[in-house]
Amino acid sequence: MNKRNSVFLATSLDGYIADKNGGIDWLESTPNPNKSDLGFNKFIEQIDALVMGRNTFETVCGFDFGWPYKIPVFVLSNSLKEIPKDYQDKAYLVKGTMQKVIEQIHQKGHYRLYIDGGATVQSFLKEDLIDDLTITTIPIVLGDGIPLFTVLNRKLDFELVSYEVYINQLVQSRYCRKRE
């Protein structure tokens, strides 16, 4: 069984995943006339379930186009008491350490996980639970905001395995964790 915890997200040139108000409108600052999915559909085909934090979940719930996922979504939250009624058949609340959360999700038969959301990705990185990172760099400098990376207890070595340029502006790099 192939267990993997993968990240797929975008950052500004200065490494932010959201602006200082938590906004993500800047993600659409580069014209995309052909509506390229930037490799997302190919990525998501390899995923069994998604793990996200409460803030990311609330952002997704606020999208105008409805629920975007066809796979189970597990929401990490210590403050959320239950999933809102409209999403109870789509998302499931999980609590505990990152390792315990992964074990709970594996027990449900989901082994290839998409880890999403700033604090969630940072928590998984702190526990060295990320196997690969796909980062699309948007050519904008925000100057402040929510960073992708924060202080870690130790360095984590990753290896560049591929990169691609989308719509002549966006550089997407894929890194795999180098483990000893």
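Definitions and limits used
Residues numbered from 1 in each chain as written. Predicted model: local features only at pLDDT ≥ 70, side-chain atom pairs only at ≥ 80, totals over all residues. Heavy atoms only, no water. Pairing = 2+ DSSP bridges. Helix = DSSP H or I, 4+ residues; strand = E, 2+ residues; numbered from the N terminus. Axes fitted to C-alpha atoms, helices over the stretch in contact; angles between N-to-C directions. Contact = heavy atoms within 4.5 Å. Buried < 20%, exposed > 50% of the residue type's maximum accessible area, 1.4 Å probe, protein only. Arc of directions from axis to C-beta. Core = buried A, V, L, I, M, F, W, Y, C linked by side-chain atoms within 4.5 Å. Lys, Arg positive; Asp, Glu negative; His and termini not counted. Salt bridge = Lys/Arg side-chain N within 4 Å of Asp/Glu carboxyl O. Polar contact = N/O pair within 3.5 Å; in protein donor to acceptor, adjacent residues only side chain to side chain.

With that out of the way, let us pick up the sheet that holds strand β10 (residues 170-177). One open sheet accounts for eight strands, arranged β5-β4-β3-β6-β1-β7-β10-β9; its pairing is mixed. The outermost strands of the open sheet, each flanked by one partner alone, are β5 (91-94) and β9 (158-166). The average undirected angle you get between the axes of adjacent strands in this sheet is 25 degrees. Contacts from helix α4 (residues 118-126) reach β1 (4-12), β3 (49-53), β4 (73-76), β6 (112-116) and β9 within the one sheet, and its direction differs from that of β6 by about 120 degrees.

Our next topic: the environment of W67. Relative to the assigned elements, W67 resides in the loop between α2 (54-61) and β4. Overall, W67 belongs to the buried group, its relative accessible area being 17%. When the C-alpha positions of W67 and Y87 are compared, they lie 8.4 Å apart, and in sequence the two are 20 residues distant. Setting aside chain neighbours within four positions, we find W67 in contact with F57, V60, C61, V73, Y87, K90 and A91.

As a further point, take α2. Residues spaced three or four apart along an α-helix point in a common direction, a consequence of the helix completing one turn every 3.6 residues. Those residues of α2 not exposed but buried are T56, F57 and V60. Projected onto a plane normal to the axis of α2, the buried residues spread over an arc of 100 degrees and lie on a single side. Here the buried face of α2 lies against β3, β4, β5, β6 and α4.

The phi dihedral of D128 is positive, around 55 degrees, even though this residue is not glycine. Within the secondary structure, D128 sits in the loop between α4 and β7 (132-138). Phi at N168 takes a positive value of approximately 55 degrees, unusual for a residue other than glycine. N168 gets classed as exposed once you look at its relative accessible area, which sits at 71%.

Below, the discussion takes up the nonpolar core. Membership of the largest hydrophobic core comes to 23 residues, with the highest contact counts inside it found for I115 and F124. Of all the elements in the fold, those that place two or more residues in this core are β1, β3, β4, α3 (98-107), β6, α4 and β7. Each residue touching I115, except ones within four places of it in the same chain, is listed here: N5, S6, V7, F8, V51, T120, V121, F124 and I130. One finds I44, F57, I71 and A91 within the second-largest nonpolar core, a separate group that totals 18 residues.

Relative to the elements of secondary structure, D116 occurs in strand β6. One buried charged residue, D116, remains without a salt bridge, the closest side chain of opposite sign being R54 at 15 Å.

This part is about the side chain of S6. Relative to the elements of secondary structure, S6 occurs in strand β1. Given the relative accessible area of 5%, S6 is considered buried. Of the polar contacts made by the side chain of S6, one reaches the side chain of D132; its length is 2.9 Å. When near neighbours in sequence (up to four residues on either side) are disregarded, S6 contacts F43, I47, L113, Y114, I115 and D132.

Worth remembering: the numbers are spatial, not functional.
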